[in-house]
Amino acid sequence: MGEPVIRFEKVSKAYGSQPVLKEFSLDISQGEFLTIIGRSGCGKTTALKLVNGLISPDSGRVLVKGEDVAQADPVRLRRQIGYAIQNVGLFPHMTVEKNIAYVPTISGTAGWGKAERRKRAQELLTLVGLPADLGGRFPRELSGGQRQRVGIARALAAAPDILLMDEPFGAVDAITREQLQDEILRIHRERGLTVLFVTHDIEEAMKLGTRTLVMEEGVAQQCDAPSRVLSAPATEFVEKLVCRRREPEVRV
Ligand SMILES: Nc1ncnc2c1ncn2[C@@H]1O[C@H](COP(=O)(O)OP(=O)(O)OP(=O)(O)O)[C@@H](O)[C@H]1O
Ligand SMILES: [Mg+2]
């Protein structure tokens, strides 16, 4: 196996006196689909934001393709890393098309003119299973599930090879959620992306992940193939999480 695409090297992060990550280390290889699960406030979003440099570690390092995120040019870094944020986060005053084109436009390197922007937005809308003519609408004119798909299209717009997804399928019904899960699996397969995917849904973590990271109190409780997490839970916390899986709609 080559060098990891993403490496957390003894990363600690605190907000004030509250530690969030404690000497957290993890290597993620090219093409992995890492699902991350853990209780609210355990540091999942913090871990994602360290990868694209939205926040910096207090100690330790985060490396993306061997480069220390702290030293990297943020614009170049974020062009390689798509980010679908918690609660979608579309810009309400921009059309769907402009939302999708946002990262390539601000990073200025894609040379997207208006016609190109329309064409690429249409391609991306199709990719996430939306009608290609949705681009002229505003986010308020879409359903919650459609907004989430646009959020994913936006994260894919700069053709990243790393995708950070923070509870991207939160506010949708079970059927739409299943469709979105199948679509992201297809996109992952077709594009060979490396995906970090935060969820509160243990079923979702098991279905999507090539590996699942279980976090609690700022440390990794287990990071293993989903089948191993189920068959050989490493800690009491993981065991409880897995046991509760037998109940319907388990979320932590
Ligand atoms: N900017 C900030 N300032 C102070 N505290 C913060 C800040 N951002 C996050 N925190 C705290 O750090 C902890 C971890 O936050 P984080 O957003 O990583 O949690 P999370 O695991 O993503 O939770 P959730 O599942 O609710 O999204 C929480 O206790 C949160 O209150
Ligand atoms: Mg979060």
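This one's a predicted model, so the numbers in the text were calculated from it and none came from an experiment. (Residues numbered from 1 in each chain as written. Chains lettered and ligands numbered in written order. Predicted model: local features only at pLDDT ≥ 70, side-chain atom pairs only at ≥ 80, totals over all residues. Heavy atoms only, no water.)

J.: What is the right way to read the pattern of salt bridges from this model?
T.: Opposite charge on two side chains permits them to pair, given that their charged atoms come into close proximity. If you walk through the whole model with that rule in mind, you get 17 salt bridges. A salt bridge links R7 to D27; the shortest N-O distance between them is 2.7 Å. A residue pair is termed long-range when its members are at least 10 positions apart, and R7 in strand β1 (residues 6-15) and D27 in strand β2 (residues 18-28) qualify at 20 residues. D27 sits in the partly exposed class, given a relative accessible area of 31%. A salt bridge links E116 to R120, with the shortest nitrogen-to-oxygen separation between them at 3.9 Å. Within this pair, E116 and its partner R120 are both found in helix α5 (residues 114-127), separated by 4 residues, close to a single helical turn. In the salt-bridge network here, residues are joined through shared partners; they are E116, K119, R120 and E123. (Salt bridge = Lys/Arg side-chain N within 4 Å of Asp/Glu carboxyl O. Helix = DSSP H or I, 4+ residues; strand = E, 2+ residues; numbered from the N terminus. Buried < 20%, exposed > 50% of the residue type's maximum accessible area, 1.4 Å probe, protein only.)

J.: It is not clear to me how the site of ligand 1 should be interpreted in this structure. Could you clarify?
T.: Near ligand 1 lie 14 residues; those nearest to it are S40, G41, K44, T45 and T46. Contacts to ligand 1 include G43, whose backbone N or O atom sits 3.0 Å from an oxygen atom. In the environment of ligand 1, an oxygen atom lies 3.0 Å from a nitrogen or oxygen atom belonging to the side chain of H200. For the shell around ligand 1, the elements supplying multiple residues, two or more each, are β2 and α1 (44-51). Among the elements that line the shell around ligand 1, the one with the most residues is α1, at 3 residues. Looking at the shell around ligand 1, its residues break down into 3 nonpolar, 8 polar and 3 charged. (Near = heavy atom within 4 Å. Polar contact = N/O pair within 3.5 Å; in protein donor to acceptor, adjacent residues only side chain to side chain. Nonpolar A, V, L, I, M, F, W, Y, C, P; charged D, E, K, R; others polar.)

J.: Any chance you could explain the sheet that holds strand β5 (residues 67-68) here in plain terms?
T.: Ordered in space as β2-β1-β4-β5, the 4 strands form an open sheet in which the pairing is antiparallel. Each edge of the open sheet carries a strand with a single partner, namely β2 and β5. Both β1 and β2 contribute to a ladder of 7 bridges, which runs antiparallel. Of the residues in β2, the one forming a bridge with A14 is P19. Where α1 meets the sheet, its contacts fall on β1, β2 and β4 (59-64), and the angle it forms with β1 comes to roughly 125 degrees. (Pairing = 2+ DSSP bridges. Contact = heavy atoms within 4.5 Å. Axes fitted to C-alpha atoms, helices over the stretch in contact; angles between N-to-C directions.)

J.: Whenever I open this one, the packing of aromatic side chains confuses me. Can you help?
T.: How two aromatic rings sit relative to each other is set out by the distance from centre to centre and by the angle between their planes. As enumerated under the stated definition, the model contains 4 aromatic pairs in all. Here F33 and F197 contribute two aromatic rings whose centre-to-centre distance is 5.8 Å and whose plane-to-plane angle is 45 degrees, an arrangement assigned as tilted. Of this pair, F33 sits in strand β3 (residues 33-38) while F197 sits in strand β8 (residues 194-198), and the two are 164 residues apart along the sequence. The exposure class of F33 is buried, given its relative accessible area of 0%. Each residue in the set F33, F169 and F197 is aromatic and connected to the rest through ring pairs, giving one cluster. (Phe/Tyr/Trp six-rings, centres within 6.5 Å; stacked < 30°, edge-to-face > 60°.)

J.: Would you explain unusual backbone geometry in this entry?
T.: Glycine aside, negative phi is the norm for most residues, and most peptide bonds take the trans geometry. In this structure, K65 takes a positive phi of about 50 degrees despite not being glycine. Structurally, the position occupied by K65 is in the loop between β4 and β5. Given a relative accessible area of 35%, K65 falls into the partly exposed group. Phi angles above zero are rare outside glycine, and E217 is one such case at about 50 degrees. When you line up the elements, E217 lands in the loop between β9 (211-216) and β10 (219-224). With relative accessibility at 57%, the residue E217 sits in the exposed group.

J.: What should I look at first to understand the packing of helix α6 (residues 144-156) against helix α7 (residues 174-191) in this one?
T.: Think of two packed helices as two axes; the pair is described by the angle between the axes and how far apart they sit. Running from N to C, α6 and α7 cross one another at 15 degrees; their axes reach a closest spacing of 11 Å. Taken as axis vectors, α6 and α7 run roughly parallel relative to one another. Between α6 and α7 lies a crossing of right-handed hand. Along the contact surface, α6 presents G145, Q148, R149, I152 and L156, while α7 presents T176, Q179, L180, E183, I184, I187 and R191. For the contact of α6 with α7, the per-class residue count stands at 5 nonpolar, 4 polar and 3 charged. (Parallel < 35°, antiparallel > 145°, perpendicular 65-115°, else oblique. Left-handed = near helix turned anticlockwise from the far one by under 90°.)

J.: What am I meant to see in the sheet that holds β10 here?
T.: Backbone hydrogen bonds are what pair the strands of a sheet, in a parallel or an antiparallel way. Pairing is mixed across the open sheet formed by 6 strands, whose spatial order is β6-β7-β8-β3-β9-β10. Strands with a single pairing partner mark the edges of an open sheet, and in this sheet they are β6 (81-84) and β10. Neighbouring strand axes in the sheet, compared pairwise and without regard to direction, differ in orientation by 15 degrees on average. For strand β7 (residues 162-166) and β8, the ladder comprises 5 bridges, and the chain directions are parallel. If you follow M165 over to β8, its bridge partner there is F197. Most of the contacts of α6 go to β6, to which it runs at about 165 degrees, and overall it touches β6 and β7. Sitting on the sheet, α7 is in contact with β3, β7 and β8, with an inclination near 140 degrees to β3.

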